[in-house]
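Given next are the chains, with one letter for each unit.
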Amino acid sequence: MERVGMHYSERHQDLKGFEDAVKDVADTVLSSSHVTIVGHVDADGISGASIASIALERAGIPYDIRFIKKLDDAEIAAINTRRSDTSWLVDLGSGSYSKFTADRVCVSDHHLPEKDAKAKGRSGQADLLSYAEHHANPHIFGIDGSTEISGAGVAYLVAKAIDARNVDMAPIAVVGAVGDFQDSAECRLKGLNRQVLEDAVEEGKMAAIKDLRVFGRETRPVAKMLQFSTDPLLPGLTNDAVACQRFLMDLGVPLTEGEKWRCWVDLTEVEKRSVASAVCEHLLKSGSGHWACKRLIGEVYVLKQERFGTELHDAKEYSTLLNACGRYGEGMVGLRICAGDRGEMLEKGLNLQRNHRGNLADAVGLVKDLGVERGRFLQHFHGRTEILDSIVGIVAGMVLGSGEVPSDVPIVAFAYSEDEKVKVSARATRELVQKGIDLAVAVKAASEKVGGTGGGHNIAAGATISIGREGAFLEEMEKLIETQLSGNINA
Ligand code: C5P
Ligand code: C5P
Ligand code: ZN
């Protein structure tokens with residue numbers, strides 16, 4: 001099994017403790033007269049905030065919602081001086097927990113908490129329970145928040161503790177988990193995510209099926225789906241439109257049906273089997289090895305109540321749609337889609353997604369032109385003002401997975417943000433995490449060393465630093481990654 005959550009996985013899992021923390025958040029929220037939900041702008045944060053808002057709506061508790069990119073000092077000050085009596089932070093907050101001075105700040109998050117936060121708990125006591133006051137984060141209880149439960153998952157558990165009927169929102173929590181790549185390590189959801197999935201399946205709202213894991217099963221023409229596959233990378237097919245079309249035609253799989261391009265879900269079972277085994281054979285022949293074949297097939301999650309052949313029918317595609325809303329400051333559009341709007345908001349979301357796709361393609365092209373600079377234990381690029389800070393992390397992940405740069409060291413990406421700072425995004429691979437790399441720890445330490453802030457997960461982390469500090473940040477990162485690889489993680 002993959003070695004993840006290095007600092008927590010060795011600890012005993014305290015599920016009961018986590019459950020109590022979830023209940024504490026639920027009770028606090030339930031006894032509120034007005035709640036401000038503060039959600040993170042990505043797919044997981046939007047799914048989580050929509051679950052939180054529906055739970056409050058059903059409980060008859062007035063609320064308002066804000067989506068934010070990051071918890072900076074201004075946001076923390078806003079939370080500490082807010083007007084409503086309770087704040088409910090979704091998919092963020094754990095990294096800054098000790099900075100909340102107001103009462104009734106509820107945090108449901110899955111990011112790595114502050115290292116020494118236990119000692120700095122609000123009540124000033126060093127015990128875990130006082131630290132866990134209104135703070136539901138799996139990491140605190142020895143559960144790996146990078147793979148076993150997402151921000152939306154934690155919000156869902158809180159919602160379920162508020163009212164058992166909220167179990168009907170389980171599929172949205174699965175969308176959040178998949179949006180944060182929590183199914184990626186084992187090609188299926190695991191840990192507490194499986195319980196969320198079971199709720200969704202039992203409700204009759206979701207199916208977990210074994211299928212091709214390549215993105216775009218429902219809405220991308222099959223040849224395009226293969227062309228854009230990066231997990232696994234299909235040598236000779238990825239990035240080559242003509243080769244993909246020929247590959248399918250050689251197998252006798254028609255690309256179109258009348259006027260319409262056929263998507264993966266339109267293929268017959270026989271055609272699907274034939275394409276899957278041909279791709280597998282192709283992978284083995286191209287030397288990608290058995291493990292790439294294994295990543296080809298896995299669990300995919302279908303939202304049974306959504307229309308077949310649409311972005312909302314497949315959890316992964318759904319999450320990408322939400323991401324496309326959040327990353328352009330339209331988190332509320334995503335939230336309305338989660339809440340069931342299939343009219344104007346869905347239309348708006350789909351437009352944002354088209355725009356997002358174009359931006360990503362442009363950004364990846366730009367990085368190709370710029371080149372990625374290789375250091376000893378890292379590689380990096382700088383998007384400056386050319387790549388939006390809100391998507392530079394996604395771009396970094398795409399570049400690292402593209403097969404066009406080495407994947408034996410993590411990638412660090414920079415872009416200027418609107419507030420005249422530098423947004424940093426770092427991405428690693430599962431193999432690097434297995435070797436001991438924890439980007440959350442490294443990015444947090446390196447950014448703090450240069451006067452910034454950061455955090456995240458072992459495989460994906462981010463930070464904000466001042467303009468001009470990029471070189472110093474990289475130097476720190478080089479040292480930290482070297483130390484992590486040498487196995488001396490506490491040095
Ligand atoms: O803020 P949050 O924890 O929700 O973001 C997690 C991010 O990590 C995802 O948006 C995704 O871009 C990135 N990630 C990744 N590869 C993984 C796991 C996560 O790129 N295997
Ligand atoms: O922004 P990006 O996609 O690179 O973020 C990767 C991970 O790092 C996310 O989980 C995000 O919440 C986290 N992050 C953070 N502090 C920042 C920026 C990102 O904890 N300043
Ligand atoms: Zn998340």
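Going along each chain's sequence as written, the residues are numbered from 1 onward. Both sets of labels track the order of writing: A upward for chains, 1 upward for ligands. Under the rules for a predicted model, residues below a pLDDT of 70 receive no local features and side-chain atom pairs below 80 are neither given nor counted, while totals for whole chains, interfaces and linings still include all residues. In computing side-chain properties, one takes all heavy atoms of the structure into account and sets aside hydrogens as well as water.

Caption draft 1: Summary view of the site of ligand 2. Ligand 2 sits among 17 residues. The nearest are H111, K423, S425, R427 and G462. Two N or O atoms count as a polar contact when they lie within 3.5 Å, although within protein this holds only if one can serve as hydrogen donor and the other as acceptor, and sequence-adjacent residues are included solely when both atoms are side-chain atoms. The contact in question runs from an oxygen atom of ligand 2 to an N or O atom on the backbone of G455, over 3.1 Å. Per-residue accessibility takes into account occlusion by the displayed protein chains alone, with areas from the Shrake-Rupley method and a 1.4 Å probe. Out of a free accessible area of 460 Å², ligand 2 has 81% covered by protein chains. Labels follow the DSSP assignment, with helices taken as runs of H or I lasting at least four residues and strands as runs of E lasting at least two, numbered in each case from the N terminus. Contributing elements (two or more residues each) for the shell around ligand 2: β13 (421–427), β14 (453–456) and β15 (460–466). The greatest single-element share of the shell around ligand 2, amounting to five residues, is contributed by β15. By the convention adopted, Pro, Cys, Tyr, Trp, Phe, Met, Ile, Leu, Val and Ala count as nonpolar, Lys, Arg, Asp and Glu as charged, and the other residues, Gly among them, as polar. Along the lines of polarity and charge, the residues of the shell around ligand 2 split into three nonpolar, eleven polar and three charged. Here a residue is near a molecule or strand as soon as one of its heavy atoms is found within 4 Å of it.

Caption draft 2: Summary view of the state of the cysteines. In this description, a disulfide is simply a cysteine sulfur pair whose atoms lie within 2.5 Å. This structure, assessed with the given rule, holds one disulfide. Across the disulfide, C280 is cross-linked to C293 (sulfur-sulfur distance 2.4 Å). Highlighted residues: C280 in helix α11 (residues 269–285) and C293 in helix α12 (residues 289–296), separated in sequence by 13 residues. Free cysteine C263: the closest other cysteine sulfur is in C244, separated by 14 Å. Cysteine C338 is unpaired, with the sulfur of C325 as its nearest cysteine sulfur at 8.7 Å.

Caption draft 3: Quick peek at the coordination of the zinc ion (ligand 3). Within the protein, the atoms that donate to the zinc ion (ligand 3) are D44 (OD), D91 (OD), H110 (NE2) and D180 (OD), at distances of 2.1 to 2.3 Å. Mapped onto the sequence, the residues coordinating the zinc ion (ligand 3) show the spacing D-x46-D-x18-H-x69-D. Within this pair, whereas D44 is found in helix α3 (residues 43–59), its partner D91 is found in the loop between β3 (86–90) and β4 (105–108), the two being separated by 47 residues in sequence. Burial status follows relative accessibility: with a 1.4 Å probe on protein chains alone, a residue under 20% of its type maximum counts as buried, one over 50% as exposed, and anything between as partly exposed. Given the relative accessible area of 0%, D44 is considered buried. When its relative accessible area of 0% is taken as the criterion, D91 is described as buried. The rule for donors is simple: an N, O or S atom within 2.8 Å of the metal counts, and for Na, K and Ca the reach is 3.2 Å. Water is not among the atoms, so a site may look short of donors.

Caption draft 4: Here's a closer look at helix α14 (residues 331–338). Counting buried positions along α14 gives six out of eight residues, so the element sits mostly inside the fold. Of the residues making up α14, those classed as buried are G331, V333, G334, L335, I337 and C338. The criterion used for residue contact is that any of the two residues' heavy atoms lie within 4.5 Å. The secondary structure elements touched by the buried residues of α14 are α3, β2 (63–68), α7 (170–179), α13 (315–326) and α15 (344–370). Phi turns positive one or two residues past the end of α14, at G340, with a value near 115°.

Caption draft 5: Region of interest: the nonpolar core. Among the nonpolar cores identified, the biggest contains 82 residues, and W88, Y318, I337, F381 and V395 are the most heavily contacted of them. If we ignore the near neighbours within four places in the chain, the residues touching I337 are L312, Y318, L321, C325, R342, M345, L346 and G349. F247, L267, L283 and C293 belong to the second-largest nonpolar core, a separate cluster that totals 24 residues. Residues belong to one nonpolar core when they are buried, are Ala, Val, Leu, Ile, Met, Phe, Trp, Tyr or Cys, and are joined through side-chain atoms within 4.5 Å.

Caption draft 6: Quick look at the domain arrangement of the protein chain. Where each domain starts and ends follows an automatic or database-derived domain assignment. Taken domain by domain, the protein chain holds domain 1 (15–202), domain 2 (211–358) and domain 3 (371–486). With centres defined by C-alpha atoms, the gap from domain 1 to domain 2 works out at 30 Å. In this assembly, 26 residues from domain 1 lie in contact with 23 residues from domain 2. Summed over both partners, the interface of domain 1 with domain 2 buries about 1,900 Å², with 68% contributed by carbon and sulfur atoms. Summed over both partners, buried area is the accessible surface (1.4 Å probe) that two parts give up on being assembled. The largest contributions to the domain 1 side of the interface with domain 2 come from I46, V175 and C187, which together make up 29% of the buried area. Throughout this description, the term salt bridge denotes a Lys or Arg side-chain nitrogen within 4 Å of a carboxyl oxygen of Asp or Glu. The residue E299 makes a salt bridge to R194 at a minimum N-O spacing of 2.9 Å. Broken down by element, the side of domain 1 that touches domain 2 gets its largest block of residues, seven residues, from α3.

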